[in-house]
Structures are given as structure tokens and as C-alpha cells.
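Understanding the architecture of this molecule
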Amino acid sequence: WVPTQYALMVYSGFKFCTPGLALYEYVGIVTSIGILAGSIGINVAHELIHKPSWWEKLLGRALLASVCYGHWADEHLYGHHKLVSTPFDPATSRLGESFYTFWCRTVWGTWTSALDMERRRLRNVAFPERVLRDRVFLSCLSSLAVAACFGILLGPYGVLFFFLQSPVAFTMLEAVNYIEHYGLQRELVEGAPSMKELEKRKKLGDYGYVASAFESVTPFHSWNAGETVTNYFLLKLQRHSDHHAHGHRRYQVLRSFLASPQLPTGYAGCMVLATIPPLWFAIMDQRVKRVKSRIEYIKETGVNVFSDEFDVLARKEGSVEAALRKMNEGKTK
């Protein structure tokens, strides 16, 4: 996909630089390639940066360089996956928070978090080696190099095109982030430190300490969707609960559990809903409350609803609740 995306970007840039186009045509070109780069390109990059091999990670970063979002890679891997569904994760949307408010918070929060992570990682490294090893700096340099190539090939309007399509692309990413964990929060464990202390530890980079103050990440902390078309287009990212449980698991074998929180529609439909906050809140806030009630009920039963055996039973019975009743009836006989 990497060469395909870059080829499509160059072609779109060439069309953008064609004189005499109407305003809506310029907007259409930028929006189209931005949506493509965000929905497919960044999604492929996400799959690649999670993999252990250096060349897959490199390809993932090459895709992120094409949308000026290279700093997101390390923050996602070492920040989001540890602090997901806590108040300390800039990529987890809060109950009652609109997409537009979230966009501002997460774009800025991801950038500053990535900068802080690199500052702490390289605090004992001297200049100039420190600059040469700074991943945030290198990601910016990579995007500037791509922009320079567009300038060489297409002139100043090619550079303008590159920087216009980038925010469209990473807005697509943040729209997905918004719907993936909306309103789902991990509970503090008994005897957890104060939020003030946790905030202090986070600033020191002790993400493990902060994460340990909350219950472990489970499939209850991500929204899922089973729609076939968007699942294949997005490399089964909609099976998000299993992704957070097994970050290195390749998309082809990600599992779907009936007990996982389910979105009202696929990611595409939910992204449209998210742009209309009153409609999103009307649909999702009640769904969040129902999910939390179900979680409490399931915890009381002590049943592992994310085992393959239970999932088979739940699908056979038609719902998680029906499967739990079936199991309870079996125990009382």
C-alpha cells in the first residue's frame, strides 16, 4: 500500500496544480485524498507500527510521514495502549465530550505527550546526538522531506496540496479514536493513589505506575462493530477490543466477542454521527449507560464472557444475557 498511496498522492497533487479548476474541485481533490490517506493509509500504518519487525515499522512511519503525523506512532504504542480508557490518555474521548472538543484536546495532547516522551527518553544523551535520535524531530524532518519532493515535482502548489491534505487525513484518524473508546473508563483499583499523585507520576513518565492504579484493560473498554464492509476496508480495526488485548496480533486473526460493547453501526456511520454532537449524544450516552450496567452484572456473575466457549454459547442463545441465564439454570439443576 505504501507505493500505491504515494502514487495516488502525486497524481492528486498533479490534478490540484492544474490551473482553471473551480473551488469545489480543489476542495474535492484535497478532501478525497485526505480521506483515503486517513481511512486506509493511517490504518495500514497503525497495523505496521504494531509489528515487531523493523521493516514493517519503517513502512508504517513512511505512511505517517505522508500526513504529517509521525509523532503519533510512539505515543500510540507506549502511551495510548498503557493509559487507554483513563483520564490520562489524550486519545480516549470522555462521556459528553463532542468530537470537536476531543479533536482539539487529542491533537494537542498527542503532540505534547510525544514530545515529553522523547525528552525523557533522551535526557542523558548529549547534543547533537540527541537531535539525531529524537523520533519526533525525525518524523517532522520526514514530512518536510516529502513536502520538498512535492515542491520539486509540482512546485509551490504541490507543497500547498501536501499540507492541506494532511489535516484531513489525521482528522479521519482522530474521528476513529473518538468513537473507539467513547465514555468507557477503567475503574480505579482499591487503595489507588490520588489523581494528583497519578498526574505527577505521568509527568515523570511512569506510565506503568499510572496504569496499575486502574483495573486492567479488558474487551469492555473498547467499542466494536461487526459490519463486514468497513471491517475489511479498515483491516478489522472494528474488532478493537481484541486489538487492545493483543496488540501484536495481526488483523487477519483478530477476534470478535458478543460481550464486547457494540456500536450502533460501523465506523463509517459512527463517524458521520460524531460530526453531529446532539445526535451522537442521544444515541451513544444511553448505550454507554447500558454497557456499564451490563459490565456490573457480568462482574457479579464471575463468568469469563470473553472465552471462546462462552462466546459460542452466547451466539447460539442470541445474547450474552440469555447465555448467562442458561448457565445459571444449569448450575441450579
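Relevant structure appears above.
Here is a short report on the structure shown in this document. (Residues numbered from 1 in each chain as written. Predicted model: local features only at pLDDT ≥ 70, side-chain atom pairs only at ≥ 80, totals over all residues. Heavy atoms only, no water.)

**Section: the pattern of salt bridges**
Tallying each qualifying case throughout the model produces ten salt bridges. Between R121 and E118 there is a salt bridge, and its shortest N-O distance comes to 2.8 Å. Here R121 pairs with E118, and both are found in helix α5 (residues 99-121), just three residues apart, close to one helical turn. By sharing partners, the salt bridges in this structure join R61, D74 and R135 into a single network. (Salt bridge = Lys/Arg side-chain N within 4 Å of Asp/Glu carboxyl O. Helix = DSSP H or I, 4+ residues; strand = E, 2+ residues; numbered from the N terminus.)

**Concerning the packing of aromatic side chains**
Scanning the model with the defined rule gives 14 aromatic pairs in all. Plain terms: the ring middles of F162 and F163 are 5.1 Å apart, the flat faces sit at 70 degrees to each other, and that makes the pair edge-to-face. Relative accessible area serves as the criterion here: at 38%, F163 is assigned to the partly exposed category. Summarising the aromatic geometry, the rings of Y182 and W280 are spaced 5.4 Å apart at their centres and angled 75 degrees between planes, so their arrangement reads as edge-to-face. Of this pair, Y182 sits in the loop between α8 (156-180) and α9 (195-203) while W280 sits in helix α14 (residues 277-301), and the two are 98 residues apart along the sequence. Residue Y182 shares its accessibility class with W280, and that shared class is buried. A network of ring pairs unites the aromatic residues F16, Y26, F150, F161, F162 and F163 as a single cluster. (Phe/Tyr/Trp six-rings, centres within 6.5 Å; stacked < 30°, edge-to-face > 60°. Buried < 20%, exposed > 50% of the residue type's maximum accessible area, 1.4 Å probe, protein only.)

**Considering the nonpolar core**
One finds Y178, I179, W223, W280, V305 and F310 to be the most contacted residues of the largest nonpolar core, which totals 34 residues. Elements with a contribution of two residues or more to this core: α5, α8, α13 (267-274), α14, α15 (308-317) and α16 (320-332). Examining the composition of this core, we find that six residues originate from one element, α14, more than from any other. Sequence-distant contacts of W280, that is, excluding residues within four places in its chain, are made with Y178, I179, Y182, C270, L273, A274 and D285. In this structure, V2, Y69, A73 and V107 belong to the second largest nonpolar core, which totals 19 residues. (Core = buried A, V, L, I, M, F, W, Y, C linked by side-chain atoms within 4.5 Å. Contact = heavy atoms within 4.5 Å.)

**Describing a nonpolar patch on the surface**
A surface patch of nonpolar side chains, about 430 Å² in accessible area, is lined by F137, L138, L141, L144 and F163. The biggest single contributor to the nonpolar patch is helix α7 (residues 135-154), with four residues. Its location among the elements puts L138 in helix α7. (Patch = residues over 30% accessible without salt bridge, like charges linked within 9 Å, V, L, I, M, F, W, Y side chains within 5 Å. Areas by Shrake-Rupley, 256 points an atom, 1.4 Å probe, with all protein chains shown as cover.)

**Topic: helix α1 (residues 2-16)**
If you check α1, its first and last C-alpha atoms are 21 Å apart, about what 15 residues at 1.5 Å a residue would give, namely 21 Å. Restricting attention to buried positions, one finds in α1 the residues V2, Q5, M9, S12, G13 and F16. Taken around the axis of α1, the buried residues stretch over an arc of 105 degrees, which confines them to a single face. Turned more than 90 degrees away from the buried face of α1, the exposed residues are P3 and F14. Close packing links the buried residues of α1 with α2 (23-49), α3 (54-65), α7 and α8. (Expected span 1.5 Å × (residues − 1). Arc of directions from axis to C-beta.)

**With respect to the packing of α13 against α14**
With their axes 7 Å apart at the nearest point, α13 and α14 run at an angle of 125 degrees to one another. Taken together, the axes of α13 and α14 lie oblique to each other. When α13 is examined against α14, the residues C270, L273 and A274 are found in contact with a partner set consisting of P277, L279, W280 and I283. Across the contact of α13 with α14, the residue classes break down as seven nonpolar, no polar and no charged. (Axes fitted to C-alpha atoms, helices over the stretch in contact; angles between N-to-C directions. Parallel < 35°, antiparallel > 145°, perpendicular 65-115°, else oblique. Nonpolar A, V, L, I, M, F, W, Y, C, P; charged D, E, K, R; others polar.)

**Some details on the state of the cysteines**
Counted by the stated rule, this structure contains zero disulfides. Free cysteine C149: the closest other cysteine sulfur is in C68, separated by 13 Å. Overall, the relative accessible area of 44% leaves C149 in the partly exposed class. (Disulfide = S-S within 2.5 Å.)

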